[in-house]
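Residue strings, one per chain:
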Amino acid sequence: KIIILDFGSQFTQLIARRIREVGVYSEIHPCNVDPEKIKALNPGALILSGGPSSVLDAESPQLDPAYLEMNVPILGICYGMQLLTHTLGGKVVSSENREYGRADFCGTGGCELWQGIDDLEKLTVWMSHGDRVESIPEGFKICGTTKSIPFAAMANEERKIYALQFHPEVAHTECGNTIISNFVFKIAGLKADWSMSSFVENTIKEMREKIGDAQVVLGLSGGIDSNVVAVLLHKAIGKRLHCIFVDNGLLRMHEREEVIDFLGEHFDLNVKCVDAARLFLDKLKGVDDPEKKRKLIGYTFIDVFNEEAQALKNVKFLAQGTLYPDVIESESFKGPSAVIKSHHNVGGLPEHMDLKLVEPLRELFKDEVRKVATELGLPEHITWRQPFPGPGLAIRILGEVTDERLEILRQADRIVQHELHATGWYRKMWQGFAVLLPLKTVGVMGDDRTYEHVIALRLVDSIDAMTADWSRLPNDILARMSNRIINEVKGVNRVVLDISSKPPATIEWE
Ligand code: XMP
């Protein structure tokens, strides 16, 4: 196995993911973990991630020399390279030209990391750093440069310590996967023996050990993430898993019948449906601030949960379908990255919560969860459901959430879903949905003036929700959606299309 020490980079999980993709098991640990604990795991290699700190800052996370004494291959990436340099006696300086994004890298031959790369003299790589290495430690050789930095890669082959200033884990770095494979197989000599089925097997085993004979409650939302957690945990602890489906009044049309009832019947899950729609909608009265809505819904959810869980005996855990992108946008190691949105699964948890969390999917990206779902035998209509946010339609109704506005959005959204399924676009895109805007505009219907609501269509392509672009749907499909919404949904007289990418926009409007 490979241990990744996390120094706070936004890309740490991508490193883990790349390693999973080549079939090797990896674990991420915070950089300040006790090295003895890591040693006991008997790692085949260590990777030091990037991070937002500067090694020149006295407060910055350091590298415990114990790691260097473990005698395992090490790969330092970005901050990891600077840390190795700093720790082993080289020099790091702060650079006037911060370097972000694309750079042309020229690798020098003879380094095992570059095996199988043909065009080594001009490789496009992705950089993101302020400091740079000015002199490399003794025993190291330079393995590559860019125009702005003379030491963009270095190696001590005898000690099997390698370091890269660029990020091989991001998709924009050419041959990044080859570089990672070379480190994993050629240098560390590991074997590809990990797969989604071993993930499923290991997770079930781990969950069984962690939970012991306790009972677990899980919030089933209807989305693929919580469904997968439910089926995984059901395999681990059977009927000691109590799924609670909270109808918060913010669901899409027929959501409950399509998923919750189906799962209960076909997978023999223990599911209880709680009708809390009025509670949520009353709390949301008069609230139009997006973060307030998110937090309020998050807290209310947990309250309903705690109450339901208290009715059960010996419940010690709350299971959640948190995925990696939810984690990274809400928190990170030492919290250096900015909070973009309080995700319902993470940011909304009250501190006094008296249940421990179980989050078996916390390290995965959405497309990996779909692979797990297939592995578990979930049917296509569940595996391929597009993501739906925890706070539901509340964050797709800009401004106050009212019964009337919910009804309008539900009807418009059903038309969007219907057209996407009918044209085969549903599976081709990441998410397609309707948003209700907080304004009215003038229109004409028959010979009369109308003054009614506006619906925006949000149709996006994405691989992992970290970045997204608007889907280029054929105009005739857009035209049909617009026509149907205006004609069939009472109270709407205009439809607009959102053509922004993420970043700088986000997928949801709130
Ligand atoms: P944004 O709007 O941040 O959304 O670009 C990224 C992805 O996450 C979904 N999303 C959520 N999922 N709880 C969730 O479980 C939430 O609070 C939440 N907010 C956004 C969103 O639908 C998109 O797929």
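Residues numbered from 1 in each chain as written. Predicted model: local features only at pLDDT ≥ 70, side-chain atom pairs only at ≥ 80, totals over all residues.

## Side note on the domain arrangement of the chain
Piece 1. Per the domain assignment, the segments making up the chain are domain 1 (2-187), domain 2 (196-383) and domain 3 (402-497).
Piece 2. The centre of domain 2, based on its C-alpha atoms, is set 28 Å off from the matching centre of domain 3.
Piece 3. At the junction of the two partners, domain 2 supplies seven residues and domain 3 supplies eight residues.
Piece 4. Broken down by class, the residue content of the side of domain 2 that touches domain 3 amounts to four nonpolar, no polar and three charged. (Domains from an automatic or database assignment. Contact = placed C-beta atoms within 7 Å. Nonpolar A, V, L, I, M, F, W, Y, C, P; charged D, E, K, R; others polar.)

## Some details on the sheet that holds strand S14 (residues 356-358)
Piece 1. Judged by pairing direction, the sheet is parallel, and its five strands sit side by side in the order S12-S11-S10-S13-S14 without closing on themselves. The sheet is open, and its two borders are formed by strand S12 (271-275) and S14, each paired with just one other strand. Across the sheet, the mean angle from the axis of one strand to that of its neighbour is 30 degrees, orientation sign disregarded.
Piece 2. Relative to strand S13 (residues 315-319), strand S10 (residues 215-219) runs parallel, the two sharing four bridges. The residue bridging Val217 from the neighbouring strand is Leu318, located in S13.
Piece 3. Of the strands in this sheet, S10, strand S11 (241-247) and S13 are in contact with helix H6 (residues 224-237), which crosses S10 at around 165 degrees. (Pairing = 2+ DSSP bridges. Helix = DSSP H or I, 4+ residues; strand = E, 2+ residues; numbered from the N terminus. Axes fitted to C-alpha atoms, helices over the stretch in contact; angles between N-to-C directions.)

## Focus on the nonpolar core
Piece 1. Val216, Leu218, Val228, Ala230, Leu233 and Ala412 are the most contacted members of the largest nonpolar core, which has 76 residues in total.
Piece 2. With nine residues, the top contributor of residues to this core is H6.
Piece 3. With sequence-adjacent residues up to four places away left out, Ala230 is seen in contact with Leu218, Leu220, Leu241, Cys243, Leu263 and Leu269. (Core = buried A, V, L, I, M, F, W, Y, C linked by C-beta atoms within 7 Å. Buried ≥ 20, exposed ≤ 12 C-beta atoms within 10 Å, placed from the backbone.)

## Focus: the UniProt feature "active site" (unreviewed entry) in the chain
Piece 1. Here, the residues flagged by UniProt with the feature "active site" (unreviewed entry) are Cys78, His167 and Glu169. On the basis of their most widely separated C-alpha atoms, the annotated residues across 92 residues gather in one place, lying no more than 11.1 Å apart.
Piece 2. Looking at where Cys78 falls in the secondary structure, it is placed in the loop between strand S4 (74-77) and helix H3 (79-88).
Piece 3. Taking the number of C-beta atoms within 10 Å as the measure of exposure, Cys78 has 26 and is therefore buried.
Piece 4. In this structure Cys78 touches Ser9, Gly50, Ser128, His129, Gln165 and His167, once residues within four positions along its chain are discounted. (UniProt positions renumbered as here; feature names shortened; annotations may be inferred.)

## Here's the deal with the packing of helix H13 (residues 403-422) against helix H14 (residues 475-488)
Piece 1. Two numbers describe how H13 lies on H14: the axes approach to 10 Å, and their chain directions differ by 150 degrees. Classified by the interaxial angle, the pair formed by H13 and H14 is roughly antiparallel. In this structure, H13 meets H14 at a crossing whose hand is right-handed. In contact with Gln411, Ala412, Ile415, Val416 and Glu419 of H13, H14 contributes Ile477, Arg480, Met481, Arg484, Ile485 and Glu488.
Piece 2. Considered class by class, the residues forming the contact of H13 with H14 number six nonpolar, one polar and four charged. (Parallel < 35°, antiparallel > 145°, perpendicular 65-115°, else oblique. Left-handed = near helix turned anticlockwise from the far one by under 90°.)

## Comments concerning H6
Piece 1. With 14 residues, H6 should cover 20 Å at 1.5 Å per step; its first-to-last C-alpha distance of 20 Å lies within 8% of that length.
Piece 2. A positive backbone phi angle near 60 degrees is found at Gly238, which sits one or two residues after H6. (Expected span 1.5 Å × (residues − 1).)

## A few points about the packing of helix H5 (residues 196-211) against helix H11 (residues 366-375)
Piece 1. Where H5 meets H11, the closest approach of the two axes is 9 Å, and the angle between their N-to-C directions is 80 degrees. One element, H5, and the other, H11, form an angle in the roughly perpendicular class. On H11, the residues that touch Met196, Ser197, Phe199 and Val200 of H5 are Lys371, Val372 and Glu375.
Piece 2. Among the residues making up the contact of H5 with H11, the classes are represented as four nonpolar, one polar and two charged.

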